[in-house]
Each structure stands twice: as structure tokens, then as C-alpha cells.
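If you want the building blocks of each chain, they are given just below.
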Amino acid sequence: MNLNQVTVPVSDIETSIVFYEKLGLKLIVVDLFRYARFECPEGDATFSLHQVQELQKESGIWLYFEVQNLDDYVQELLNKGIKFEELPNNKSWLWRESRLRDPDNNQIIIYFAGNNRKYRPRRIA
């Protein structure tokens, strides 16, 4: 089994398309009234947006995007005007992470974990 895509609900498809293109995702399908789909710059996964009338009132969705050169990538996004809640820093779970929010307040974590992404010291055998 392989993960094909994740679809995130959004309140404004056009605003969200602009935001996710700034993050570096490549737009491959668009219906400006309700749907957009992107390719990730690396790997085979895709990511899509679906416009909804009302968003959930809970904490929202957490999206993790891994990049090799985290600090350089975050600096590129800062130069494009992307605002971060947390700049790159080392975490106790052996990942280096930065955090920001999309236009609908979903949490985005841009990180680098390398082998620790799947093979952490506490991994179940």
C-alpha cells in the first residue's frame, strides 16, 4: 500500500492555492469553485484542497512536509513573505522542525528527520 494523497478542507480555494504554491507545491489540477491538487516536489505523493462551506471548529489538521535543507528552505519562504510561528529548531524526538499556519489555520510543520522519520530509537520492533 502507498499513500496517494491527503485532502484538506479550505474556506477559500484561490487563497489556499497561492499559499501552497509559495510553499513549493506544483499545481496539477484545479476547479476554482471547489478543488485543487498539487504534486509534492519530491516523491510520488500528491496533496489536494477541497473547498467547504464551513470548517471544523476543532484544532484543525496538522500537515508534515519533510525537506532536506530545512533552514535554507525556511529562509526562502521568509523571503516570500510567509510568516512562521516557530523557526527551525531541534526537537527532543530527534527532528528539526519549523511551524506555520495556512490561511485556514491548519498547522503546517516543515521539518527534517532523515532516518529518524521512520527509524527512531523508540521504534517498536
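For the structure, see preceding data.
So, on to the nonpolar core. In terms of nonpolar packing, the biggest core is built from 25 residues, with Tyr20, Leu23, Phe47, Leu49, Ile108 and Ile110 touching the most fellow members. Those elements giving two or more residues to this core turn out to be strand S1 (5-10), helix H1 (13-22), strand S3 (35-39), strand S4 (46-51), strand S5 (62-66), helix H2 (70-79) and strand S8 (107-112). Aside from chain neighbours lying at most four places away, what touches leucine 23 is Tyr73, Leu77, Leu100, Ile108 and Ile110.

Our next topic: the pattern of salt bridges. Evaluated as defined, the whole model comprises six salt bridges. With a shortest N-O distance of 3.0 Å, aspartate 31 and arginine 34 are connected by a salt bridge. Its relative accessible area of 24% is what places aspartate 31 among the partly exposed residues. Owing to a relative accessible area of 49%, arginine 34 belongs among the partly exposed residues under this scheme. Here lysine 91 and glutamate 86 are joined by a salt bridge, their closest N and O atoms 2.5 Å apart. With relative accessibility at 24%, the residue glutamate 86 sits in the partly exposed group.

Conventions used here
Residues numbered from 1 in each chain as written. Predicted model: local features only at pLDDT ≥ 70, side-chain atom pairs only at ≥ 80, totals over all residues. Heavy atoms only, no water. Core = buried A, V, L, I, M, F, W, Y, C linked by side-chain atoms within 4.5 Å. Buried < 20%, exposed > 50% of the residue type's maximum accessible area, 1.4 Å probe, protein only. Helix = DSSP H or I, 4+ residues; strand = E, 2+ residues; numbered from the N terminus. Contact = heavy atoms within 4.5 Å. Salt bridge = Lys/Arg side-chain N within 4 Å of Asp/Glu carboxyl O.

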